[in-house]
Each structure stands twice: as structure tokens, then as C-alpha cells.
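# Coordinates in review
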Amino acid sequence: MMELKKLDIYNPEHYVNDVPHEAFSLLRKESPVHWHEHPDGGGYWVVSRHEDVVAVSKDFNTFSAQRGFVIVDDLPEDILKQAQGQLLGMDPPNHGPIRRAVVKRFTKKLLAELEPKIRKITTDILDQVDSRFETDELSCEFVDDLAGELPTSVIGSLLGVPRDMWPQLRRWSDFQTSASDPDIGGTEEETQNASTDMGAYGYQLAMERKDGGGDDLISLLINVEIEGHKVTESEFASLFVQITVAGNETTRGLLAGGMLELIKHPHFYAELEADPSQLPQAIEEMLRWTCPLHYFRRTATCDTEIGGQKIKENDRVVMMYSSANFDDSVFNRPMEFDIHREHNPHLGFGYGIHLCLGANLARLETRIFFEEFFKRYKSISLEGEPKRIRSNLVNGLKYMPVKITRR
Ligand code: HEM
């Protein structure tokens, strides 16, 4: 039996074999707002129940995203300043105007127009894979060869970033999200510089496209007026980093994790293959289950309480999405993966004013990916044990050897 006192959900090592579901379940039951030690000598509150995660997300006045950014580790002052230029690290009143400017570019209508473009990107990626078949079967690595290509290509293409820079975009964003995994993170210097280098590149693109009349997302964002002022080049540089980083590893995690569950549940695979119109509901379950980000953090702006637990001003508060998504007071049989789940208010995209801006884009990419995959391939099976990313933040696979058979 696991004991509360010994429980450690900070150590990234404890995410390597699986999501620490046993620890999360114990927390929800015994200590839903739990004081957890941090290796920096301090500590932080872990909020594990669905209801409390929603309450913290909603109350942006008391729980600030800006004061200490959204990662549990405190950032050095200069890096914190940069991070506060990202939407994710802004509180009102800074947050609203910038968010509204970006939202305009991500409407349902605009996304519908993007569908053919994303389908073409997807079929191009699958064509690449097809060119490697020597017989009707191909052994490949799903995470990098298939799942990883799509999000980077979609974002690169949306932003109008030259194609030869796409692999660099992916490296920069991986360095920032998976520094704790020795197979993915770069050298210490590369990791430290990734955000600045990427921001500088975004800045350069913004300068080139200012007043240029282009219709890529960079040109649209850099030339938009937000309540009287244009997005500045440095605001844009932060947005560029955020949009690119936010959409890469998360969507890759969803595609690979979603496929792994379908491989493990062949009857669901067969159902979706026969009737892809069920994909939207299945994708919500993939989001609940794979929950590509374990948590985001807030910082208390005053003395307060959560679920009866007293919290002091400046305390760190972690909203544990990958626990909330398995809370049995909200989800029926939460430990079962069920593509027919009806009531599914998962928190995979967060909640409240910071709700993921790319949510519908990620859903669209995932639907198109599975539709095209089913059309082209007859089957997929595992050829070895998948490996998970060593991280307490990013919940995903880094390696999944598969065999695919073409029709
Ligand atoms: C499966 C894929 C994805 C997942 C699981 C995911 C998850 C999240 C989460 C949990 C948040 C924070 C919500 C909160 O604090 O309440 C967020 C915010 C955000 N995401 Fe995503 N994301 C995904 C894909 C994308 C994509 C494709 C893009 C962009 C193209 C994107 C752009 C953003 C932005 C800009 C924000 C900040 C919004 C704000 O602060 O107002 N995300 N995402």
C-alpha cells in the first residue's frame, strides 16, 4: 500500500512506467489539496480532484498564471519575464486583448477552411511513409515517423515558416517541454537558449512580414490592431514561441497515445475504422485518457482556501489534470478507456480563461489523421514496448515501434 507521507509525484522518474494513477487516487481520496515537497527546499499544493481543479482554473484573480508562470519550478527572473509575455503566463487585463486577437484567427469557420490543407499535409506525410514499404508490411517508429510530423507541419504551414526550418521548430519546442528526458532534452545550453533563440527567430519573421500583406498567421497577427494598438514585434515573438511549443508535443502525445489505446482495444479500432463518424467522441476519450499535459500551475495572490485547506499568498498551486480526468465522482468507470463515453468533461485542454486556444485545431488534426490512416492501412500492431517521456509535465510517448500493413 502506498503511503501519503512517502508519495512523490514530482520526481519525473515516477512517470516513466505509467501515469502514477495509484498516487493520484490516494490523493483524491485522502488529501485532495496536498502539500508536496519541492527539491528547491520549498513546497507546493497538489490539487487532484476535478471540482477543485475547475475552481482554481476559474478564479483567475486569486490564482495567478502570471505571478510565477505555469510550471511548478520557479523560473529565474529574466526567463520569468519572457514567459509572462506568453498568453499562458498573462493575467487580466493583459490577457484578454491578446487572446481575442488570436481567437479571431482560430474560429470554427477558419478551421473548416483549413481542413483540406491539413488533409493534404497528412496525406503527404503518409506518402513519405508509403515510399518506405518494400513489401505490404512496414516496421516503423510511430511517434517520430507519423505522429510527430503532423503537428509541426501544420503549425509551420499555418505560420508560413519556411519548410527547412520545421525540424528546428520541433527541436526547439522539444527542448523546452522535455528537458527532463535525456533522450529528448538538449544540452543544458541548448535547453536554456531554446526559448530565446526561437523568440528571436519569431521576431525576425515578424519584422519581415510587418505591413507585407501576407495571409499566413504571422502576417495576420503582426498586423492586427488590438483595442487600439498593434501587436508589437516582441509580443509577437512570445506568441510565436507559445503557439509553436503548445501545439507540438501535446498533439503528438494525443495521436500516439490515442493510437496505442486503439491497438490495445482492437474492437474499438475496428469500430472506428468501419465508422469514422464516431471519431469526434472517441477523440474526447483519447484526450481524457492520454491527457498530454499532466498539470499547470497557478500562484496564490492572497491568503485563501481550496476545499477547506488554507493557502497562503504566493503559495504554488498545481492543477493536476491527469488526476482530475480520472476522478470517479465525475467519470463513470474512469479507469476504463471507452470511446462511447457520453459524459466526458475532461480537463485535457484546461478550463476557464486560458482554455487551450488550439483545442479545435488539435481535434481536427487528430480526426483527419485517423481518417486517412484507416483509409490507407489495413492494420497496425506493436513490435515492442512503447517508451514514455520522462517528465512530470508532458504526458506522452517518445517511442512506439509498430508494424503497419497497407491495403
Ligand atoms: C492535444 C493537443 C493540446 C493539448 C492537450 C493542449 C493543452 C492545453 C492546456 C492544458 C492549456 C492551458 C489551459 C489552462 O491553463 O486552463 C493550453 C493553452 C493553450 N494552448 Fe493548447 N493544447 C493542445 C494543442 C494546442 C495547439 C495545436 C495550439 C496552437 C496551435 C495550442 C495553443 C495554446 C495556446 C495559445 C494556449 C494559451 C491560451 C491562453 O492562455 O489563453 N494548443 N493548451
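The structure this text deals with has already been given above.
Basis of the calculations
- Residues numbered from 1 in each chain as written.
- Predicted model: local features only at pLDDT ≥ 70, side-chain atom pairs only at ≥ 80, totals over all residues.
- Heavy atoms only, no water.
- Pairing = 2+ DSSP bridges.
- Helix = DSSP H or I, 4+ residues; strand = E, 2+ residues; numbered from the N terminus.
- Axes fitted to C-alpha atoms, helices over the stretch in contact; angles between N-to-C directions.
- Parallel < 35°, antiparallel > 145°, perpendicular 65-115°, else oblique.
- Left-handed = near helix turned anticlockwise from the far one by under 90°.
- Contact = heavy atoms within 4.5 Å.
- Nonpolar A, V, L, I, M, F, W, Y, C, P; charged D, E, K, R; others polar.
- Near = heavy atom within 4 Å.
- Polar contact = N/O pair within 3.5 Å; in protein donor to acceptor, adjacent residues only side chain to side chain.
- Core = buried A, V, L, I, M, F, W, Y, C linked by side-chain atoms within 4.5 Å.
- Buried < 20%, exposed > 50% of the residue type's maximum accessible area, 1.4 Å probe, protein only.

## Re the sheet that holds strand E4 (residues 137–141)
- Taken together, 3 strands build an open sheet; the order of strands is E4-E14-E11 and the sheet is antiparallel. The open sheet has two free edges, formed respectively by E4 and strand E11 (377–382), since each of these has just one partner strand. Across the sheet, the mean angle from the axis of one strand to that of its neighbour is 25°, orientation sign disregarded.
- Here E11 pairs with strand E14 (residues 401–406) via 5 bridges, running antiparallel. Counted as the bridge partner of Ser-381 is Lys-403 from E14.

## Re the packing of helix H8 (residues 166–177) against helix H9 (residues 188–209)
- Running from N to C, H8 and H9 cross one another at 135°; their axes reach a closest spacing of 8 Å. On the basis of their axis angle, the class for H8 and H9 is oblique. When you trace H8 past H9, the crossing you get is left-handed. Residue-level inspection shows Leu-169, Trp-172, Ser-173, Phe-175 and Gln-176 of H8 in contact with H9, the latter providing Glu-190, Thr-191, Ala-194, Ser-195, Asp-197, Met-198 and Tyr-201.
- Grouping the constituent residues of the contact of H8 with H9 by class yields 6 nonpolar, 4 polar and 2 charged.

## Description of the site of the ligand
- His-95, Arg-99, Arg-298, His-354 and Cys-356 are the nearest of the 29 residues found near the ligand.
- Between the ligand and Leu-87 there is a distance of 3.4 Å, counted from an oxygen atom to a backbone nitrogen or oxygen.
- At a separation of 3.1 Å, an oxygen atom of the ligand approaches a polar backbone atom of Tyr-351.
- Listed by contribution, the elements that provide at least two residues to the shell around the ligand are helix H4 (95–103), helix H11 (233–264), strand E7 (295–300) and helix H15 (359–376).
- Top contributing element to the shell around the ligand by residue count: H11, with 7 residues.
- Counted by class, the shell around the ligand contains 18 nonpolar, 9 polar and 2 charged residues.

## Some thoughts on the pairing of strand E1 (residues 33–37)
- Note that E1 and strand E2 (residues 43–47) share 5 bridges and pair antiparallel. Note that in E2 the partner of Glu-37 across the bridge is Gly-43.
- Here E1 folds back onto E2 in antiparallel fashion, the turn holding 5 residues, of which Gly-41 has a positive phi close to 100°.

## Section: the environment of Thr-301
- Note on placement: Thr-301 falls in the loop between E7 and strand E8 (304–306).
- Placed 15 residues apart in sequence, Thr-301 and Arg-316 show a C-alpha to C-alpha distance of 10.0 Å.
- For Thr-301, the residues in contact, after removing those within four places along its chain, are Asn-61, Thr-62, Ser-64, Arg-67 and Glu-313.
- Of the polar contacts made by the side chain of Thr-301, one reaches the backbone oxygen of Asn-61; its length is 2.7 Å.

## Observations regarding the nonpolar core
- One finds Phe-142, Val-161, Phe-240 and Ile-404 to be the most contacted residues of the largest nonpolar core, which totals 83 residues.
- With 13 residues, H11 is the single largest residue contributor to this core.
- Other than its neighbours up to four places away in sequence, Phe-240 contacts Leu-159, Val-161, Leu-169, Met-198, Tyr-201, Gly-202, Leu-205 and Ile-218.
- In this structure, Tyr-15, Leu-27, Ala-300 and Ile-311 belong to the second largest nonpolar core, which totals 44 residues.

## Remarks on the sheet that holds E1
- Taken in spatial order, the 5 strands line up as E1-E2-E10-E7-E3 in an open sheet, and their pairing is mixed. Each edge of the open sheet carries a strand with a single partner, namely E1 and strand E3 (63–64).
- Relative to E7, E3 runs antiparallel, the two being bridged by 2 bridges. Counterpart to Phe-63 in the pairing with E7 is Ala-300.
- Here helix H2 (residues 50–58) sits on the sheet in contact with E1, E2, E3, E7 and strand E10 (316–320), set at roughly 125° to E10.

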